[in-house]
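Here's the letter readout for the chains.
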Amino acid sequence: MNRRQSWNINTLFLILIFGFTIATLIKPDQEYSESENRTLAQMPEPTVETVFNGEFESDYETYLTDQFVARDAWIGLKTDVERLMLKSESNDIYFADDDYLIEKHTGAFTSDTAELNPRILGQFAEMYQEQFGTEHMTFMVVPNAVEILDDKLPLLASPYDQEKYLEQIRAELPDGTWFDTAAILRDHKEEEIFYRTDHHWETLAAFYVYQAWAEQKGYEVPSEDDFEIETASDSFEGTIQSKLGIDTRKDTLELYLPKEDLFYTVQTDEGAPVEYSVYDRTALETKSKYDVFFGGNHAMVNIATRADTGRKLLVIKDSYAHCFVPFLLKEFDAIDMLDIRYYNQKVSELIQNGGYTDILFLYNASGFAEDTSISRLTY
């Protein structure tokens, strides 16, 4: 290669690097990524302290990564190249059989937070064991697709053994309060119980778990014949697909609508208007179609029913509970759904003043392991 060719290549390289950087800086910043369902980093404000301690540089790097021009297209191109190279994973996601995209959750279960959270949950259970009794407290931590659908993973895949972590949680809890969702899901692993493109379990999986839990609790055990099963969307592409930015097989999102008329009201957060359905169908017109359940995440959701059972339930949860709670409407006069990630008041005061007869804790395994707000349970 002669000097002129070398100069041309170097010049082109610099134009590309600086050109994309300048384009990123002059384009309007996005506050929210609908495809990834998350808030994007904004331009950090430099101070003497943050510049010298490296915080500004780190935040600025995150900002450029989040706001990079044509970011989604570059993510998709990177994934396509890796698949052409016959890689079995990308961005901590396995390319699994039957078109499943399955998250590995690398590092989720080995952090200090993951080690601490089971002990905190055990302390929480002990705090309220006398008040509620073990028969009125249930703890469900649902394993992720990578654990249940392990037979679909690529050859030589070696994700973390979530069963070991679930046993660690169970060991911290009073006898009789742990509900083994893993065993139920494994019994149905040949069915479509996890989305191919999203990190949630499907409504069918929640239904199977609810059937088993209702039987254990002595509640009425429903059958699929009790519902009109509606295909709310056949074009659902979830958060995992968004991380890869590729075209892939789309998911079907189903709603289980009781054939029996049920009257109830729903209020999402204090001061929000009262609704008469747990479903926000406007979400079906967006990328975040799973938000059809309750309109997505809220600090508190209050549901009032006409069940007349004398029972009031507090559900401490992440979004895995959103497709599970609609099955509960016949069994409780009131259901409060608490998301401690967004709740700014003391959980102890809520429980003290809430008049609850029952508590259900429902999280997915990786979400529980990574959630730093679990520590607020004992405040």
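Check the entry above for the structure.
To keep things clear, this report deals only with the structure shown in the data block. (Residues numbered from 1 in each chain as written. Predicted model: local features only at pLDDT ≥ 70, side-chain atom pairs only at ≥ 80, totals over all residues. Heavy atoms only, no water.)

So, about the sheet that holds strand β4 (residues 93-95). The sheet built from three strands is open, its strands ordered β3-β4-β5 with antiparallel pairing. Because the sheet does not close on itself, it has two edges, and the strands there are β3 (89-90) and β5 (101-103). (Pairing = 2+ DSSP bridges. Helix = DSSP H or I, 4+ residues; strand = E, 2+ residues; numbered from the N terminus.)

Okay, unusual backbone geometry next. Although it is not a glycine, aspartate 92 sits at a positive phi angle of roughly 65°. With respect to the element layout, aspartate 92 can be found in the loop between β3 and β4. The phi angle at histidine 105 is positive, at roughly 60°, despite the residue not being glycine. Here histidine 105 is to be found in the loop between β5 and α5 (112-132). Judged by its relative accessible area of 13%, histidine 105 falls in the buried class. (Buried < 20%, exposed > 50% of the residue type's maximum accessible area, 1.4 Å probe, protein only.)

Our focus in this paragraph is the pairing of strand β14 (residues 358-364). Across the seven residues of β14, seven count as buried, placing the element largely inside the fold. Neither face of β14 is left uncovered, since the one carrying Asp358, Leu360, Leu362 and Asn364 and the one carrying Ile359, Phe361 and Tyr363 both have all their residues buried. Note: strand β6 (residues 137-142) against β14, six bridges, orientation parallel. Bridge assignment links methionine 137 to a residue of β14, and that residue is isoleucine 359.

Further remarks concern the side chain of lysine 104. Tracing the backbone shows lysine 104 in the loop between β5 and α5. The buried category is assigned to lysine 104, whose relative accessible area is 17%. Polar side-chain contacts of lysine 104 include one of 3.0 Å to the side chain of glutamate 89. In this structure lysine 104 touches Glu89, Asp92, Tyr94 and Val146, once residues within four positions along its chain are discounted. (Polar contact = N/O pair within 3.5 Å; in protein donor to acceptor, adjacent residues only side chain to side chain. Contact = heavy atoms within 4.5 Å.)

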